[in-house]
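Architecture at a glance
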Amino acid sequence: MAPGTEKRRQRKQCCGHRACLRKKEETMSRRIVNRVMAAVLLTACILCGCGHSSKSLTFQVQTGDAVKVTLETTEGYRLSEEEGTVVVKKEEEQILQGAFLTREMYDENVTMMQFMEGVTVTEGQQDGNSYLFYEYDGDTGYENGYVLMVAGSDTGVFLAGNSPKEDAEKAFAALHFEKSE
């Protein structure tokens, strides 16, 4: 090239034929569709990461009932079974551990909690299940927990732990018990 001249790129001009114009329109449409699809996929990926996650275990208990235990795991909770008991942990700390009860055992625990000296009891409902929350701070240290009757069943649940009250309440709020078919 001679000095002082610039090399210019020229775009190839459309010849104006219908087939050429149609091809150009299809290319533009494909680009728009691809961009929209990319945006939708990105949004779906983001929403999946922010969704709820949970873990469920079903226990065949001595009453003959099958009880499904579900724990919302989005806050870092973990649900496991250890020798027939329900265990809820957050990171490596055990928050609650529980065993299943017959109706008679449930009634005995409720009576004992209500009349035991030094025990504070609060009644409540969760997912249609009646429960008692108890706290005890005595010679053996601080303990709290729940005695719950699974709705529509003959099965109760006794959950206990030594974690602070707020930790136990948050873990219990993430737990759900239901009679399974």
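First, a word on scope: everything that follows refers to the structure included in this document. (Residues numbered from 1 in each chain as written. Predicted model: local features only at pLDDT ≥ 70, side-chain atom pairs only at ≥ 80, totals over all residues. Heavy atoms only, no water.)

1. Quick notes on the pattern of salt bridges
Taken as a whole and judged by the stated rule, the model has four salt bridges. Arginine 103 serves as the salt-bridge partner of aspartate 154, at 3.4 Å between the closest nitrogen and oxygen. You can see aspartate 154 sitting in the loop between strand 8 (141-149) and strand 9 (155-161) and its partner arginine 103 sitting in helix 2 (residues 103-115), a full 51 residues away along the chain. Residue aspartate 154 is classed as partly exposed on the basis of its relative accessible area of 43%. Relative accessible area serves as the criterion here: at 35%, arginine 103 is assigned to the partly exposed category. (Salt bridge = Lys/Arg side-chain N within 4 Å of Asp/Glu carboxyl O. Helix = DSSP H or I, 4+ residues; strand = E, 2+ residues; numbered from the N terminus. Buried < 20%, exposed > 50% of the residue type's maximum accessible area, 1.4 Å probe, protein only.)

2. A look at the sheet that holds strand 9
Spatial ordering of the open sheet is given by 3-4-5-9-8-7-6, a layout of seven strands whose pairing is antiparallel. Edge positions in the open sheet fall to strand 3 (77-82) and strand 6 (119-126), since each of these has one partner strand only. Pairwise comparison of adjacent strand axes, ignoring direction, gives a mean angle of 20 degrees for this sheet. One ladder, built from six bridges, connects strand 8 with strand 9; its direction is antiparallel. (Pairing = 2+ DSSP bridges. Axes fitted to C-alpha atoms, helices over the stretch in contact; angles between N-to-C directions.)

3. Side note on the nonpolar core
Val69, Val88, Leu96, Phe100, Leu175 and Phe177 are the most contacted members of the largest nonpolar core, which totals 25 residues. In terms of nonpolar packing, the next biggest core, distinct from the first, is built from ten residues, Leu101, Val110, Met113 and Val119 among them. (Core = buried A, V, L, I, M, F, W, Y, C linked by side-chain atoms within 4.5 Å.)

4. Overview of unusual backbone geometry
With a phi angle near 55 degrees, glutamate 83 is a residue other than glycine that sits in the positive phi range. Looking at where glutamate 83 falls in the secondary structure, it is placed in the loop between strand 3 and strand 4 (85-90). Look at glutamate 83 and you get exposed, because its relative accessible area is 82%. Even without being a glycine, glutamate 91 presents a positive backbone phi close to 60 degrees. Along the chain, the position of glutamate 91 falls in the loop between strand 4 and strand 5 (93-102). Given a relative accessible area of 65%, glutamate 91 falls into the exposed group.

5. Quick word on the pairing of strand 6
Note that strand 6 and strand 7 (residues 129-138) share eight bridges and pair antiparallel. In the sheet register, threonine 120 faces strand 7, and the bridge partner there is glutamate 135. Counted between consecutive antiparallel strands, the loop separating strand 6 from strand 7 contains two residues, among which aspartate 127 sits at a positive phi close to 55 degrees.

6. Notes on the side chain of serine 153
Among the structural elements, serine 153 can be located in the loop between strand 8 and strand 9. Engagement of the side chain of serine 153 in a polar contact is seen with the backbone oxygen of valine 150, the distance being 2.7 Å. (Polar contact = N/O pair within 3.5 Å; in protein donor to acceptor, adjacent residues only side chain to side chain.)

7. With respect to the packing of aromatic side chains
Tallying each qualifying case throughout the model produces six aromatic pairs. Taking the centre distance of 5.0 Å and the plane angle of 50 degrees together, the rings of phenylalanine 59 and phenylalanine 100 count as tilted. Of this pair, phenylalanine 59 sits in strand 1 (residues 54-60) while phenylalanine 100 sits in strand 5, and the two are 41 residues apart along the sequence. Note on accessibility: phenylalanine 59 and phenylalanine 100 belong to one class, buried. Taken together, the ring pairs in this structure connect Tyr131, Phe133, Tyr146 and Phe172 into an aromatic cluster. (Phe/Tyr/Trp six-rings, centres within 6.5 Å; stacked < 30°, edge-to-face > 60°.)

8. A word on the sheet that holds strand 2 (residues 66-72)
Read from one edge to the other, the open sheet built from three strands follows the order 1-2-10, with strand pairing classed as antiparallel. The strands lining the two open edges of the sheet, one partner per strand, are strand 1 and strand 10 (175-180). Within the sheet, the average angular offset between the axes of one strand and its neighbour, ignoring direction, is 20 degrees. Relative to strand 2, strand 1 runs antiparallel, the two sharing seven bridges. In the strand pairing of strand 2, serine 54 is matched with glutamate 72.

Read these as spatial facts, not as claims about activity.
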